[in-house]
Amino acid sequence: MRTAPSELCLDGLRDARERTLALVSDLTGAQLAVPMLEIINPILWEIGHAAYFAEFWTLRHLLGEPPIVPNADELYDSAKIPHDARWSLPLPDRAGTLEFMKTQLERVLERANVAARNPDAWYFYRLALHHEDMHDEALIYTRQTLGYRWPLPLCHREVSNDREPQASGAERSRGDLGDARVPAGTYRIGSTPNDGFVFDNEKWAHDVRLGAFEIARTPVTNAEYRAFIDDGGYRTHEFWSDEGWAWRLQANAEHPIYWQGGMRRHFDTLVPLRDNEPVAHVNYFEAQAYCRWAGRRLPTEAEWEVAAADAPIRGNLDGAYGDVCDVRLFGDAESRYGCRQMIGNVWEWTQSVFEPYPGFAPDPYKEYSEPWFGTHYVLRGGAWSTRSRLISTRWRNFYRPHRRDIITGFRTVKV
Ligand SMILES: [Fe+2]
């Protein structure tokens, strides 16, 4: 069976690369020399790695071609090169990195007709595309972490809060839309072979038994989260798990990382902290503590996925607006149960540890999921920075619980 070259999403590969380059092209040499932080990668390493990964799977693995750069595996293989060692590699300079990336993309596109003879080609082309999309999102986090400006063009801000009538009174301070009720039942979660490209951790669809639950129709807002802070949330041990409290003390956290009074740092500028925008850049411990204070809990990932049933892939996505938006927007893109913005705006923490689904077997990119089972927590739904071609209601993201550089909020479930 032959893959149609049109299925190799060549336009997607071009588009992803355009974004990768746009996310770094304005940076000065000093800005490229990033500090060694656990939560970021050296920028030239990261973009070279995205190109290397695409070359590895679509040219070397699929077609048996030799590497473009002879020592590429010693430079860019994320499974072999420990994080901190990435700062001391003999990497090519900016011009050399861009030259390698250009050669790689041209070759992948040129060879698409040959690759298309292999029925697995579409899978590896998609893998390369989604991988680059994920690194592009990581570059956005990196720019936020380091206080670099937002570099991409913005769509007309149709989600602008300025154009949205501000709610008042109770609606203003309470996530406003209340809870959606999901009945008890046996539900199917996970992906099926008909879902197109899927990662190994989504395989395969299986039944879960859930009790009835009521889940917030919107993510927790800044106003709701501020009430937690104002009530001494960050000073009250009983709201926090032991691990969470230890993190809070060590990080000396008093509020979400980018809050500064009534403002928040957004890339290199301070913007107003709006009541009805979702709280973002909070970690699992902060989400958990808020829930305990509010007498609520985080959803399990199965509950989240069921509550998201039929949610269209539409919302604050693709970096088009360059920021979070009001949690009440996109009311025409609700899930079957009436949950809003399950897709886009902010990633959402679930209470679930990242574990394999029944019958899990790793796909050829073995290091994608398996090394992280048991230590990471599942996030769902995508953020404003996530590509729409990547996200689905079944897509499982996963991070360590202390990470608050990610554009992550959460929604709560009634206890
Ligand atoms: Fe990677």
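Everything here concerns the structure above.
Bear in mind the structure is a predicted one, so any value in this text is a computation, not a measurement.

### As for the overall build of the protein
Within the protein, the secondary structure is distributed over 12 helices and 13 strands. Relative to its length of 415 residues, the protein is compact, with a C-alpha radius of gyration of 21 Å against a globular reference of 22 Å. In terms of overall dimensions, the protein has C-alpha extents of about 65 × 50 × 45 Å along its principal axes. Each of the 415 residues in the protein was classed as buried or not, and the buried ones make up 58%. Of the contacts made within the protein by residues no fewer than 6 positions apart, 79% connect residues no fewer than 24 positions apart.

### A closer look at the packing of aromatic side chains
Under the criterion given, the structure shown has 39 aromatic pairs. Taking the centre distance of 5.7 Å and the plane angle of 45 degrees together, the rings of Tyr365 and Tyr368 count as tilted. An identical accessibility class is assigned to Tyr365 and Tyr368; each is buried. Its end group placed over the ring of Trp245, Arg248 keeps NZ or CZ at 4.5 Å from the ring centre. The residue whose ring lies beneath Arg396 is Tyr357, and the NZ or CZ to ring-centre distance is 4.0 Å.

### Structural notes on the coordination of the iron ion
The protein atoms that coordinate the iron ion are His49 (NE2), His131 (NE2) and His135 (NE2), at distances spanning 2.1 to 2.2 Å. Going along the chain, you hit the donors of the iron ion in the pattern H-x81-H-x3-H. Here His131 lies in helix H7 (residues 121-146) and His49 lies in helix H3 (residues 43-63), a separation of 82 residues in the sequence. In this pair, the class of His49 matches that of His131, namely buried.

### Re the pairing of strand E7 (residues 269-272)
Both strand E6 (residues 263-266) and E7 contribute to a ladder of 4 bridges, which runs antiparallel. Among the inter-strand pairings, Arg265 is bridged to a residue of E7, identified as Leu270. What sits between the antiparallel neighbours E6 and E7 is a turn of 2 residues, in which Phe267 has the positive phi angle 55 degrees.

### Brief notes about unusual backbone geometry
A cis geometry characterises the amide bond from Lys203 onward to Trp204, with omega recorded as -20 degrees. In the Ramachandran plot, Asp310 falls in the positive-phi region, its phi being about 70 degrees despite a non-glycine side chain. Residue Asp310 is classed as exposed on the basis of its relative accessible area, which comes to 53%. Here the phi dihedral of Asn345 falls at roughly 75 degrees; this positive angle occurs in a residue that is not glycine.

### Considerations on the nonpolar core
It is characteristic of soluble globular proteins that their nonpolar side chains tend to be buried jointly. Among the nonpolar cores identified, the biggest contains 117 residues, and Tyr125, Leu127, Tyr225, Phe228, Trp240, Trp349 and Phe410 are the most heavily contacted of them. The greatest single-element share of this core, amounting to 11 residues, is contributed by H3. Residues within four places of Phe228 in sequence aside, it is in contact with Gly233, Tyr234, Phe239, Trp240, Ala289, Tyr290 and Trp293.

### Brief notes about the state of the cysteines
As enumerated under the stated definition, the model contains 0 disulfides in all. No disulfide involves Cys291; its sulfur sits 15 Å from that of Cys339, the nearest cysteine. Cys291 gets classed as buried once you look at its relative accessible area, which sits at 3%.

### A closer look at the pattern of salt bridges
In this structure the tally under the stated criterion is 34 salt bridges. Put simply, Asp323 and Arg264 hold a salt bridge, and the shortest N to O gap is 2.8 Å. Placement of Asp323 in the loop between helix H12 (301-307) and strand E9 (347-353) and of Arg264 in strand E6 is noted, with a sequence separation of 59 residues between them. The exposure classification of Asp323 matches that of Arg264, with both residues buried. One network of salt bridges, in which partners are shared, links Asp15, Asp133, Asp318, Arg387 and Arg389.

Definitions and cut-offs
- Starting afresh in each chain, residues are numbered from 1 along the sequence in its written order.
- Side-chain atom pairs in this predicted model are given and counted only at pLDDT of 80 or more, local residue features only at pLDDT of at least 70, and totals for whole chains, interfaces and linings cover all residues.
- Only hydrogens and water are removed before side-chain values are computed, so all heavy atoms of the structure are retained for them.
- Secondary structure elements follow DSSP: runs of H or I of four or more residues count as helices, runs of E of two or more count as strands, with numbering from the N terminus.
- With C-alpha atoms as the basis for the radius of gyration, the globule rule is written as 2.2 Å multiplied by the number of residues raised to the power 0.38.
- Relative accessible area decides the class of each residue, using a 1.4 Å probe on protein chains only: under 20% of the type maximum gives buried, over 50% gives exposed, and in between gives partly exposed.
- Whether two residues are in contact is decided by their heavy atoms: any pair within 4.5 Å suffices.
- Two aromatic rings, drawn from Phe, Tyr or Trp (for Trp, its six-membered ring), form a pair once their centres lie within 6.5 Å of each other, and the interplanar angle then sorts them: stacked below 30 degrees, edge-to-face above 60, tilted otherwise.
- The rule is short: NZ of Lys or CZ of Arg within 6 Å of the ring centre and within 35 degrees of the ring normal puts a charge over the ring.
- Only nitrogen, oxygen and sulfur atoms within 2.8 Å of the metal, or 3.2 Å for Na, K and Ca, are treated as donors, and water is left out, so sites may look incomplete.
- Criterion used throughout: strands pair if DSSP finds at least two bridges between them.
- The criterion is simple. A nonpolar core is a set of buried Ala, Val, Leu, Ile, Met, Phe, Trp, Tyr and Cys residues joined through side-chain atoms within 4.5 Å.
- Throughout, a disulfide means two cysteine sulfur atoms within 2.5 Å of one another.
- Any carboxyl oxygen of Asp or Glu that lies within 4 Å of a side-chain nitrogen of Lys or Arg is treated as forming a salt bridge with it.

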